[in-house]
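# Coordinate inspection notes
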Amino acid sequence: MRGIPIDKSIAQRCAILGLDFDGKEISEDVKHTMEAANALKSSREDVELDLGNSGTGMRLLTGYIVGLGEAAILLGDTSLSKRPMKRIADPLSEWGAKIELTNNKFAPIKINRSELKPKFKYHLEIASAQIKSCLLMAAVSSGSQIEIEEHLISRDHTERLLEECDGLIKKEGKKIFFDGRKKLTKKKIDIPKDFSCVAYFLAADILTGRINEIKNVGVNKTRTAFLDILKEMGAKIEQKNLRIISNEPRADLKASIAGPLKGVTILGDMVPNLIDEIPLIAILAMFAQGKTVVRGAKELRYKESDRISLLLSNLKKFNPNIELREFEDGFEINPKEHNMNKDLSITTNGDHRMLMSFAIAGLRINKAINFDDTSCVDTSFPKFFNLIEKCYQ
Ligand code: S3P
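Residues numbered from 1 in each chain as written. Predicted model: local features only at pLDDT ≥ 70, side-chain atom pairs only at ≥ 80, totals over all residues.

## Observations concerning the overall build of the protein chain
- For the protein chain, the count of helices and strands is 12 helices and 17 strands.
- The globule rule puts the C-alpha radius of gyration for 393 residues at 21 Å, and the 21 Å found for the protein chain is close to it.
- Dimensions of the protein chain along its principal axes, counting C-alpha atoms only, are 60 × 45 × 35 Å.
- Going through the 393 residues of the protein chain one by one, you find that 48% of them count as buried.
- Taking all contacts inside the protein chain whose residues are at least 6 apart in sequence as the whole, residues at least 24 apart take part in 68%. (Helix = DSSP H or I, 4+ residues; strand = E, 2+ residues; numbered from the N terminus. Rg over C-alpha atoms; globule rule 2.2 N^0.38 Å. Buried ≥ 20, exposed ≤ 12 C-beta atoms within 10 Å, placed from the backbone. Contact = placed C-beta atoms within 7 Å.)

Okay, here's the thing in structure tokens:
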């Protein structure tokens, strides 16, 4: 299927590390990070970098710039300016960085010149690949040694890229050791299709009964817990041609369902490996038999929107009969018959994953949905609506 973008997590890491890749199918987040990384290279003065909507770009680039010892200001759009940045400023400051956050919490981030200590050790309390990668980027650009202990394992694309580029990186259980004193070998990276984009088509196939085979999809285990959830919900997943290129596994994927779709329970330790797919799981849960519970997912509140409260208010708009419970760290969905006749309006608040998830729900009930904003789709998947039309209309 043409038009599905390459993995945006990997592409943004490559952009920051100066690794070449085929950039034909990329999203706005990747563009912003590439532009910012280029602007950084070509400027000698204190530079102002706009990361748009990209939390990954902002957090990882902050680490990289701090490691270089340079000064810069990093800013983003309204949504990114509300997302927590203390989570990276705290460990970086402990390491020796001089960072100022707006209101002590947010972007714009002002990075002042500083020098990091040659060795640093950090225990990650929050399961976040962005914090982990921010620190690894700082170790790369400063040439220092770092030891990170993860509490829950999060996506490991940075570690894999560092290994691919002959970096001195080692993993022992939940500990990561990286020695930035050895320079990386610059290589061209072959980036697979973004699993988090493909997930919408797998869900749409399950909800509509169509079958699309999607080739060359990133199937890194730290990203694909969604497939395990689909299986638990009763779906069949076919994975073919599994191979590793540029140190990242990829395969051809197909999803189908023979029996009923069933509710599922998702608890904390799975959450980091399906964090971006939770809004989509909630959509599947609306059409399943039995309740679905998600707990240990407080991080959802700090994404492009508060993905717990906005998700639940939209589920209620979509089907007023549905029974919902909200928790600080998750939610419970008790699906009910859908008998809506009125026009459906969904609020995305500019959150691309909210938009795409409800667009998939619309396919199941064959009804047009009014969204407050559709342009946010470009953040991760610019050709989403063209492909949906092609495959399901
Ligand atoms: C990302 C990590 C995740 C994810 C985001 C991309 C990355 O965020 O939600 O879409 O590229 O490292 P956290 O690591 O903050 O959970």
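## Concerning the nonpolar core
- In terms of nonpolar packing, the biggest core is built from 59 residues, with Ala-203 and Ile-360 touching the most fellow members.
- Of all the secondary structure elements, the ones that give two or more residues to this core are helix H7 (195–208), helix H8 (225–232), strand S11 (248–257), helix H9 (278–286), helix H10 (309–318), strand S15 (330–334) and helix H11 (352–365).
- Looking at this core element by element, the count peaks at 11 residues for H7.
- Contact partners of Ile-360, with chain neighbours within four places excluded, come to Tyr-200, Ala-203, Ala-204, Leu-207, Leu-280 and Ile-283.
- Tyr-64, Leu-92, Ala-97 and Cys-165 belong to the second largest nonpolar core, which has 55 residues in total. (Core = buried A, V, L, I, M, F, W, Y, C linked by C-beta atoms within 7 Å.)

## Some points on helix H2 (residues 28–42)
- Taking 1.5 Å of rise per residue, 15 residues should cover 21 Å, and H2 covers 21 Å from first to last C-alpha, within 8% of that figure.
- Inspection of H2 places Glu-28, Asp-29, Val-30, His-32, Thr-33, Ala-36 and Ala-37 among the buried residues, and these make up the whole buried set.
- In this structure, the buried side of H2 is in contact with helix H1 (8–17), strand S1 (47–50) and helix H3 (55–68). (Expected span 1.5 Å × (residues − 1).)

## Regarding the domain arrangement of the protein chain
- For the protein chain, the assigned domains are domain 1 (8–179) and domain 2 (195–392).
- Placing the centre of domain 1 and that of domain 2 at their C-alpha centroids yields a distance of 28 Å.
- Opposite the 19 residues of domain 1 that make contact, domain 2 presents 17 residues.
- Put simply, the parts of the chain that give the side of domain 1 that touches domain 2 at least two residues each are H1, H2 and helix H6 (157–164).
- Of the residues that constitute the side of domain 1 that touches domain 2, the class distribution is 5 nonpolar, 5 polar and 9 charged. (Domains from an automatic or database assignment. Nonpolar A, V, L, I, M, F, W, Y, C, P; charged D, E, K, R; others polar.)

## Observations concerning the sheet that holds strand S14 (residues 323–327)
- Taken in spatial order, the 4 strands of this open sheet run S12-S13-S15-S14, and their pairing is mixed. Each edge of the open sheet carries a strand with a single partner, namely strand S12 (265–266) and S14.
- Across 3 bridges, the pairing between strand S13 (residues 292–294) and S15 is antiparallel. Each residue of the ladder has a partner; that of Val-293, found in S15, is Glu-332.
- Across the sheet, H10 is in contact with S14 and S15; its angle to S14 comes to roughly 170°. (Pairing = 2+ DSSP bridges. Axes fitted to C-alpha atoms, helices over the stretch in contact; angles between N-to-C directions.)

## Overview of the confidence of the model for the protein chain
- The pLDDT averaged across the protein chain works out to 97; a share of 99% of its residues lies at or above 70.
- Per-residue pLDDT, averaged within each element of the protein chain, yields its smallest value for strand S16 (residues 344–346) (95) and its largest for helix H5 (residues 129–142) (99). (pLDDT = per-residue confidence, 0-100.)

## Some remarks on the site of the ligand
- Contacts to the ligand come from Ser-9, Thr-56, Ser-128, Ala-129, Gln-130, Ser-133, Ser-154, Arg-155, Ile-275, Asp-276 and Glu-299.
- The biggest single contributor to the shell around the ligand is H5, with 3 residues.
- The class makeup of the residues in the shell around the ligand is 2 nonpolar, 6 polar and 3 charged.
- Of the residues that make up the shell around the ligand, three or more belong to each of domain 1 (8–179) and domain 2 (195–392). (Near = placed C-beta within 6 Å.)

## Some thoughts on the environment of Glu-299
- Within the fold, Glu-299 resides in the loop between S13 and H10.
- For Glu-299 and Ser-128, which are 171 residues apart along the polypeptide, the C-alpha to C-alpha distance reads 8.7 Å.

## Points about the sheet that holds strand S6 (residues 145–150)
- The 4 strands lie next to each other as S5-S6-S8-S7, forming an open sheet whose pairing is mixed. With one partner strand each, in any of the chains shown, strand S5 (119–124) and strand S7 (168–172) form the two edges of the open sheet. Here the average twist between neighbouring strands, direction ignored, is 10°.
- Here S7 runs beside strand S8 (residues 175–179); their pairing, made up of 5 bridges, is antiparallel. From the neighbouring strand, Glu-172 faces S8, where its bridge partner is Lys-175.
- Those strands touched by H6 are S7 and S8, and its axis lies near 135° from that of S7.

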